[in-house]
Amino acid sequence: MRSLFIFLSIVLVTTHIQADNFRVNEESIDFDALYHQIDEAISQSSVYVTVREQKIDTYRDSLMRAKTAEQKILYAEQLFQLYKSFMNDSATHYAEVCINLAESLHRKDLIGRFRSLLAYQCSNTDRYTEALDELNKVDRQALDSTGLVAYYCGWMHVYGELGNYSTRKKIRQNYFDLQNLYRDSVLMVAEEGSEEWLHLKMDILTAQRKFQDALAISNRWLHIVTEGTHESAFAAFYRSVCHDYLQNHDQTCYWLGKSAIDDIKCAVMNQASLLFLAEHLAEDGDIERARRYMDFAMDCNLTFYPRMRTYQISSVINIIEKSNQAAQSRAKTLLIISGVIIVFLIVIIIALLFNKRKKRLSS
């Protein structure tokens, strides 16, 4: 009993310390330091891209040397994962390579999983018809638990996207109802504590306005990811979403910044956090920084997929509008100052002429 008491005490103290660490992070934000880290990461981005490309070259060479379909499918899947957030066309290509290899092995479980991953990749780039086509080809009965997670995530994502961009109220709600149905399905088959499970739990709790519960899930998530990874960036992004619902501006910007730093260091080209941070900065009047971050984020996004997607257009328009408003405000201020100076000069000239005339008359 004494050992159990000591163990529980250690756990409670550790949990309390970890919670305190998050509170300290959230109460003492040094935005100058945060923006310096982002700027430093951007300046080194070419180095991070080179590291990613070297990994890709290694797996591509291994794929070329592989003798069996079983070996090839392992390397092709690794290439898909490396390209997934780096370059969409190549990710799509290797997903199709995986599907073809799985078909040659007559592995319906793998065929379904890779079709589901391809569908998610399609819906993530506004290709909803292609996503639905791939998902409708999947034999759900053949899927194992990993395949089911990918399959349900694919359906959940495409219906969520369709709901977001539908303008017809009933159709929009129908899509969201289907999204919720598949979200529940993911939670039923995903391993508790996995990335899919954690971010969906945060989605649900945030939608239910149970923000403290959502932040508790976020604490759990951030404790298990490794800093500097894409998983860490994903966890930080979802924490920012929760704070955004709470209208906690500083925390939203802080966690978007943390997410952006990790994504840049991981050579993620599918940038969202930095673009959303730029939008907040533009709202705050930090136009120059907002434009720099927007330009970098859009260069990355166009490398990932050479066409602006719907959510990006909205953010970019907002930033440009704020930039134009700031420019107009500066021009108006400059015009007023110039007018005042001109009037002042005219008054001086008139005074000088009056004094000169007065002297001439007196002499």
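Nothing here was measured: the structure is a model prediction, and the numbers come from that model. (Residues numbered from 1 in each chain as written. Predicted model: local features only at pLDDT ≥ 70, side-chain atom pairs only at ≥ 80, totals over all residues. Heavy atoms only, no water.)

Asker: I'd like a rundown of the environment of Ile261, residues and numbers included.
Answerer: Its location among the elements puts Ile261 in helix 13 (residues 249–265). Between the C-alpha atoms of Ile261 and Ser273, which are 12 residues apart in sequence, the distance is 9.1 Å. Aside from chain neighbours lying at most four places away, what touches Ile261 is Leu34, Gln37 and Ile38. (Helix = DSSP H or I, 4+ residues; strand = E, 2+ residues; numbered from the N terminus. Contact = heavy atoms within 4.5 Å.)

Asker: Describe the pattern of salt bridges, and please don't skip the residues or the numbers.
Answerer: Counted according to the given criterion, the structure contains 13 salt bridges. Residue Glu134 is joined to Arg115 by a salt bridge in which the shortest nitrogen-to-oxygen separation is 2.7 Å. With a gap of 19 residues between them, Glu134 in helix 7 (residues 128–136) and Arg115 in helix 6 (residues 108–123) connect regions that are remote in the sequence. Across the pair, Arg115 and Glu134 agree in class, each one buried. Between Asp286 and Arg289 there is a salt bridge, with its nearest N and O atoms 2.9 Å apart. Classification of Asp286 as partly exposed rests on a relative accessible area of 24%. Several salt bridges converge on common partners, so that one network encompasses Asp39, Asp286, Glu288, Arg289 and Arg292. (Salt bridge = Lys/Arg side-chain N within 4 Å of Asp/Glu carboxyl O. Buried < 20%, exposed > 50% of the residue type's maximum accessible area, 1.4 Å probe, protein only.)

Asker: How would you sum up the nonpolar core? Please name residues and give values.
Answerer: Formed by 94 residues in total, the largest nonpolar core has its most connected members in Tyr35, Ile38, Leu274, Leu277 and Tyr293. At 11 residues, helix 8 (residues 145–165) tops the list of elements feeding residues into this core. In contact with Leu277, not counting residues within four places along its chain, are Tyr35, Ile38, Cys253, Leu256, Gly257 and Tyr293. (Core = buried A, V, L, I, M, F, W, Y, C linked by side-chain atoms within 4.5 Å.)

Asker: Could you give an account of the side chain of Ser315, with specific residues and numbers?
Answerer: Mapped onto the elements of the fold, Ser315 is located in helix 16 (residues 310–362). The exposure class of Ser315 is buried, given its relative accessible area of 3%. For Ser315, the side chain forms a polar contact with the side chain of Glu279, separated by 2.9 Å. (Polar contact = N/O pair within 3.5 Å; in protein donor to acceptor, adjacent residues only side chain to side chain.)

Asker: Can you tell me about the environment of Gly154, naming the residues and giving the values?
Answerer: As for its position among the elements, Gly154 is in helix 8. Expressed as a C-alpha distance, the spacing of Gly154 and Gln121, which sit 33 residues apart in the sequence, is 8.6 Å. In this structure, Gly154 is in contact with Tyr120 and Leu135, ignoring residues within four places of it in sequence.

Asker: Describe the environment of Asp299, with residues and values.
Answerer: Along the polypeptide, Asp299 turns up in helix 15 (residues 287–304). Once the C-alpha coordinates of Asp299 and Met269 are considered, the two residues, 30 residues apart in sequence, prove to be 8.3 Å apart.

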